[in-house]
Amino acid sequence: MNQARALWVAVVAGVLTVATVALLAYRLLVLGGLPAGDTIPDSLRSAPQLSPAEAQAEVDAIMALTLDDLDGQPQPFAQWRGQVLVVNYWASWCKPCVEEMPAFSHLYRRYAAQGVQFVGIGIDEVDNMRAFVDKTPVSYPLLVGGKEATQTPGLQVKALPYTVVIGRDGRFASSRLGRLDEARLEPLLKELIGQ
């Protein structure tokens, strides 16, 4: 009788474990995040380590993009060559994306005159992006992403938010998967502009 009960307890524990893992995977992959209050360790939020060739391929893919702005006007990334470029993939439904945007706006206003350009690529419907900007003004350009914004060979966009920093020389400087705060980004910007 004790063996049967132990087996039953083990089966129930196994089923509950599998169900918990499946629920967390569903929330992360399908719904785009964890429930409020849950956190992912910082080490898991950093972008996977890219080889120098992969990192530069990512930068080259971004610089080759031309995406429409919210008014439907095409904006080639080549127009920002020679500037420190912070490219942020985001969506209006992505809470960490929305949380980092005020810091990005602040840093853009602070460093734009020194050749720092922020660009947001919305992986979202243009109407959702416009509604978001009506409620929450953003000081830097927002472009409408499509397949070419996330599925271009060389890009490493696996989840949102995702930020890539490119130096004035067109070389990869940094990338981050997950929310990026001002305290982490500002020292890098200062280094890249030579302060």
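Calculation rules
Residues numbered from 1 in each chain as written. Predicted model: local features only at pLDDT ≥ 70, side-chain atom pairs only at ≥ 80, totals over all residues. Heavy atoms only, no water. Axes fitted to C-alpha atoms, helices over the stretch in contact; angles between N-to-C directions. Helix = DSSP H or I, 4+ residues; strand = E, 2+ residues; numbered from the N terminus. Parallel < 35°, antiparallel > 145°, perpendicular 65-115°, else oblique. Left-handed = near helix turned anticlockwise from the far one by under 90°. Contact = heavy atoms within 4.5 Å. Nonpolar A, V, L, I, M, F, W, Y, C, P; charged D, E, K, R; others polar. Pairing = 2+ DSSP bridges. Polar contact = N/O pair within 3.5 Å; in protein donor to acceptor, adjacent residues only side chain to side chain. Buried < 20%, exposed > 50% of the residue type's maximum accessible area, 1.4 Å probe, protein only. Phe/Tyr/Trp six-rings, centres within 6.5 Å; stacked < 30°, edge-to-face > 60°. Disulfide = S-S within 2.5 Å.

Undergrad: How should the packing of helix α4 (residues 95-111) against helix α7 (residues 182-193) be read in this particular structure?
TA: The angle between the axes and the distance between the axes are what describe a pair of packed helices. Following both chains from N to C, one finds α4 and α7 inclined at 25 degrees, their axes separated by 11 Å at the closest point. When the axes of α4 and α7 are compared, the pair comes out roughly parallel. The hand of the α4/α7 crossing is right-handed. For the pair α4 and α7, the contacting residues are Ala 103, Phe 104, His 106, Leu 107, Arg 110 and Tyr 111 in the first and Glu 182, Leu 185, Glu 186, Leu 189, Lys 190 and Ile 193 in the second. Per-class residue counts for the contact of α4 with α7 are seven nonpolar, one polar and four charged.

Undergrad: What am I meant to see in the sheet that holds strand β3 (residues 84-90) here?
TA: Strand pairing in a sheet takes place through backbone hydrogen bonds and is either antiparallel or parallel in direction. Pairing is mixed in the open sheet, where five strands are placed in the order β5-β4-β3-β6-β7. Single-partner strands in this sheet number two, and they are β5 (142-144) and β7 (172-177). Along the sheet, successive strands turn relative to each other by an average axial angle of 20 degrees, direction set aside. As judged from the five bridges shared by strand β6 (residues 162-166) and β7, these two strands associate in the antiparallel manner. Bridge pairing in β7 places Ile 166 opposite Phe 172. Contacts from helix α5 (residues 126-135) reach β3, β4 (116-122) and β5 within the one sheet, and its direction differs from that of β5 by about 165 degrees.

Undergrad: Would you mind showing me how to read unusual backbone geometry here?
TA: Trans is the prevailing form of peptide bonds, just as negative phi is the prevailing case for residues other than glycine. A cis amide bond links Leu 160 with the next residue in sequence, Pro 161, at an omega value of -10 degrees. Looking at the element boundaries, Pro 161 is found in the loop between α6 (147-150) and β6.

Undergrad: Where do I start with the environment of Gln 75 in this structure?
TA: Position of Gln 75 relative to the elements: it lies in strand β2 (residues 74-76). C-alpha separation for the pair Gln 75 and Val 144, spaced 69 residues apart in sequence, amounts to 9.9 Å. Leaving out residues up to four positions away in the same chain, Gln 75 has contacts with Leu 65, Thr 66, Leu 67, Asp 69, Trp 80 and Leu 143. Of the polar contacts made by the side chain of Gln 75, one reaches the side chain of Asp 69; its length is 3.2 Å.

Undergrad: Honestly, the pairing of β6 in this entry has me stumped. Any pointers?
TA: Consecutive side chains of a regular strand alternate in pointing toward one face of the sheet and then the other. By the criterion of burial, β6 is predominantly enclosed, with five of the five residues buried. Judged by which residues are buried, β6 turns out to be covered on both faces: Tyr 162, Val 164 and Ile 166 on one side and Thr 163 and Val 165 on the other are all buried. One ladder, built from five bridges, connects β3 with β6; its direction is antiparallel. Looking at β6, one finds that Val 87 is bridged to Val 164. Between the end of β6 and the start of β7, which pair antiparallel, lie five residues, with Gly 170 showing a positive phi angle near 80 degrees.

Undergrad: When you look at the packing of aromatic side chains in this model, what are you seeing that I'm missing?
TA: A ring pair, where both rings are aromatic, is described by two values, the distance of the centres and the angle of the planes. Tallying each qualifying case throughout the model produces seven aromatic pairs. On the numbers, 5.3 Å between centres and 75 degrees between planes, the contact of Phe 77 with Trp 80 is edge-to-face. Classification of Phe 77 by relative accessible area gives buried; the value is 0%. With relative accessibility at 7%, the residue Trp 80 sits in the buried group. Their ring planes at 70 degrees and their centres at 6.2 Å tell us that Tyr 108 and Phe 118 sit as a pair that is edge-to-face. With Tyr 108 in helix α4 and Phe 118 in strand β4, the pair connects residues that are 10 residues apart, well separated along the chain. Here the two residues Tyr 108 and Phe 118 agree in accessibility, since each one is buried.

Undergrad: Could you clarify how one ought to interpret the state of the cysteines in this entry?
TA: Working definition: the covalent bond between the sulfur atoms of two cysteines is a disulfide. As enumerated under the stated definition, the model contains one disulfide in all. Each sulfur in the disulfide pair Cys 94 and Cys 97 lies 2.3 Å from the other. Because the torsion about its S-S bond is 75 degrees, the bridge between Cys 94 and Cys 97 counts as right-handed. Per residue, the accessibility class of Cys 94 equals that of Cys 97, and both read buried.

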